[in-house]
Amino acid sequence: MAAALCCGAVFAQKGETVKIAWIDPLTGLMAPVGQNQLKSFQFFAEKFSQNNPAGVKFEVIGIDNKLSPTESLNALKQAIDQGVRYITQGNGSSVAGALIDAINKHNERNPGKEVVFLNHSAVDPDFTNSKCSYWHFRFDADTSMKMEALTTFMKDMPDVKKVYLLNQNYSHGHQVARYAKEMLQRKRPDVQVVGEDLHPLAQVRDFTPYVAKIKASGADTVITGNWGSDLSLLMKAANEGGLNVRFFTYYTGVTGTPTAIGQAFDGRIFQASYNHYNMGGQMGKWQAEFKQRFNDDFYTGSVIHIFTALSEAMAKAKSTDPVKVAAALEGLKFKSFNGDVEMRKTDHQLQQTLFITRWQKADSKFPYSPENTGMTLAPVKELPPYVSSTPTSCQMKRPTS
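Nothing here was measured: the structure is a model prediction, and the numbers come from that model. (Residues numbered from 1 in each chain as written. Predicted model: local features only at pLDDT ≥ 70, side-chain atom pairs only at ≥ 80, totals over all residues. Heavy atoms only, no water.)

1. Points about the overall build of the protein
And then number 1: Scanning the protein from terminus to terminus reveals 13 helices and 15 strands.
And then number 2: Whereas a compact globule of 401 residues would reach a radius of gyration of roughly 21 Å, the protein reaches 21 Å, a difference of no more than 12%.
And then number 3: Structurally, the protein occupies a C-alpha span of about 80 × 45 × 40 Å along its principal axes.
And then number 4: The 401 residues of the protein split such that 59% are buried.
And then number 5: Restricting the contact set of the protein to residue pairs at least 6 apart, pairs at least 24 apart contribute 73%.
And then number 6: Surface summary for the protein: the accessible area is close to 15700 Å², and the carbon and sulfur share equals 52%.
And then number 7: Side-chain charges of the protein comprise 44 positive and 38 negative groups, with the mean position of each set lying 2 Å from the other. (Helix = DSSP H or I, 4+ residues; strand = E, 2+ residues; numbered from the N terminus. Rg over C-alpha atoms; globule rule 2.2 N^0.38 Å. Buried < 20%, exposed > 50% of the residue type's maximum accessible area, 1.4 Å probe, protein only. Contact = heavy atoms within 4.5 Å. Areas by Shrake-Rupley, 256 points an atom, 1.4 Å probe, with all protein chains shown as cover. Lys, Arg positive; Asp, Glu negative; His and termini not counted. Charge placed at Lys NZ, Arg CZ, Asp CG, Glu CD.)

This is the structure in structure tokens:
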């Protein structure tokens, strides 16, 4: 009897359906990004349901938060009321901050009904530093890690002399500007920051005035953490205004931006990210299938990290209970599309390889062309986890058992 109990427990989670509530924008200027990412989550829920070490099924429930923290808190309540115990979000650190706070409070007040936050793309470093939470796990690389990668690459580019910082006016944009200044000062004190601007998130429809300011500043380089419509419309204005500079970005490959750039800026746009369009292997097969099915590009690789980590942690915990799964996620090491990764126990920030890619014509070596532009993001530098890793000040408050 004991043996039967023991072995039954091993597969306690087998056949269970694990629901994940996806809370991100499906309306407004950032809707195209949200729609792409919801498809990505549902596509990989289907893939991982067919085969994962925990033997569970995954179901993703999409809820439109209109990029609003208030709407997101309503969505969180709606998900919890439906019995959902895993939440994912990533578009807008302002939203992520509100969710972390609400989930901390919920879990404290409702033992036995805990919720885990799987952060796919919200990159404010505070979430794994001063605002770190036991219930929050980040699968993207944070702003400081990506800036570490970009500035490590830039320090060997002597023709980078005058930099303009253009970012969105919320926590992520502020952090991009802050880390760019700090790291350039440390690695290239000769570089001048000749201008700095913050603009409203997802509200600007014409970036022509900003392009004029960049031109007037004499900048040879722009650093921007902009994403979605805020990068697409900036690149459209830069294109039309004949802005002859280099761009260092985080999100060139994201919906709408490749089309806005088109054939322009060949060799002059760089992106720091934890994956890219030309990784080949299994990732290449998944990208091809995604494109064939949706006529769209798959770029949010953290979706794969999330399903891999969840299923590994559930197998390790022999449970789908968020409390046990959170404990199993801490310090979890697994192989992913970008090599060996580790969910750092001290702050729940995934440690992973980062890549610098350059916008250029697609060719036989780097053939994948986002949005059928004839262009691609080709890898030019790979930074192993120890290079892109940044320290943490997190004092993790763990639940007392």
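2. Focus: helix H12 (residues 322-329)
And then number 1: Within H12 the residues assigned to the buried category are Pro 322, Val 325, Ala 326, Ala 328 and Leu 329. Looking straight down H12, one finds its buried side chains confined to an arc of 165°; they lie on one side.
And then number 2: For H12, the elements touching its buried residues are strand S3 (86-89), strand S4 (116-119), strand S5 (136-138), helix H11 (302-317) and strand S12 (339-343).
And then number 3: By the N-cap criterion, in which a side-chain oxygen at the helix start approaches the backbone nitrogen of a residue two or three places on, H12 is capped by Asp 321, the distance to Val 323 being 3.0 Å.
And then number 4: Of the residues trailing H12, Gly 331 is marked for its positive phi of about 75°. (Arc of directions from axis to C-beta. Polar contact = N/O pair within 3.5 Å; in protein donor to acceptor, adjacent residues only side chain to side chain.)

3. Some thoughts on the state of the cysteines
And then number 1: Applying the stated criterion to the full structure yields 1 disulfide.
And then number 2: What pairs with Cys 132 in a disulfide is Cys 394, and their sulfur atoms sit 2.1 Å apart. Given an S-S torsion of about 80°, the disulfide between Cys 132 and Cys 394 has right-handed geometry. On the criterion of sequence distance, the pair formed by Cys 132 in the loop between S4 and S5 and Cys 394 in the segment after helix H13 (385-388) is long-range, its members being 262 residues apart. Neither residue differs from the other here; Cys 132 and Cys 394 are each classed as buried. (Disulfide = S-S within 2.5 Å.)

4. Considerations on the packing of helix H2 (residues 31-50) against helix H10 (residues 281-294)
And then number 1: Close contact between H2 and H10 brings their axes to 12 Å; oriented N to C, the two are set at 120°. When the interaxial angle is binned, H2 and H10 end up oblique. Every pair of crossing elements has a handedness; the one defined by H2 and H10 is right-handed. Seen from H2, the contacting residues are Asn 36, Lys 39, Ser 40, Phe 43, Phe 44, Glu 46 and Lys 47; seen from H10, they are Trp 286, Glu 289, Phe 290, Arg 293 and Phe 294.
And then number 2: When its residues are assigned to classes, the contact of H2 with H10 shows 5 nonpolar, 2 polar and 5 charged. (Axes fitted to C-alpha atoms, helices over the stretch in contact; angles between N-to-C directions. Parallel < 35°, antiparallel > 145°, perpendicular 65-115°, else oblique. Left-handed = near helix turned anticlockwise from the far one by under 90°. Nonpolar A, V, L, I, M, F, W, Y, C, P; charged D, E, K, R; others polar.)

5. Some details on the pairing of strand S6 (residues 162-168)
Looking down a regular strand, the side chains alternate between one sheet face and the other.
And then number 1: Where burial is concerned, most of S6 is hidden: 6 out of the 7 residues are buried.
And then number 2: Of the pairings in the sheet, the one linking S6 to strand S7 (residues 192-199) comprises 7 bridges and is parallel in character. Each bridged residue has a counterpart across the sheet, and for Leu 166 the counterpart in S7 is Asp 197.
And then number 3: Where the polypeptide runs from S6 across helix H6 (residues 171-187) and back to S7, its parallel neighbour, the crossover connection is right-handed. (Pairing = 2+ DSSP bridges. Right-handed = clockwise from strand over helix to strand, strands pointing away.)

6. Concerning the nonpolar core
Note that soluble globular proteins tend to have their nonpolar side chains buried in a common cluster.
And then number 1: Counting 127 residues, the largest nonpolar core has Ile 223, Phe 247 and Phe 307 as the members making the most contacts within it.
And then number 2: Among the elements that make up this core, the one with the highest residue count is H11 (8 residues). (Core = buried A, V, L, I, M, F, W, Y, C linked by side-chain atoms within 4.5 Å.)

7. Looking at helix H7 (residues 208-217)
And then number 1: Along H7, the residues classified as buried are Tyr 210, Val 211, Ile 214 and Ser 217. Buried residues of H7 fall within an arc of 125° about the axis and therefore sit on the same side.
And then number 2: For H7, the elements touching its buried residues are S6, S7, strand S8 (221-224) and helix H8 (229-240).
And then number 3: A positive phi of about 80° marks Gly 218, the residue just after H7.

8. A short note on the sheet that holds strand S13 (residues 350-351)
Strand-to-strand pairing in sheets goes through backbone hydrogen bonds, with the strands running parallel or antiparallel.
And then number 1: With antiparallel pairing, the 3 strands of this open sheet are ordered in space as S11-S12-S13. At either end of the open sheet lies a strand with only one pairing partner, and these are strand S11 (333-336) and S13.
And then number 2: Here S11 runs beside S12; their pairing, made up of 4 bridges, is antiparallel. Bridged to Lys 335 within S12 is Asp 340.
And then number 3: Along the sheet face, H11 touches S11, S12 and S13 and points at about 140° away from the line of S11.

Take it as geometry only, folks, not as evidence of what the structure does.
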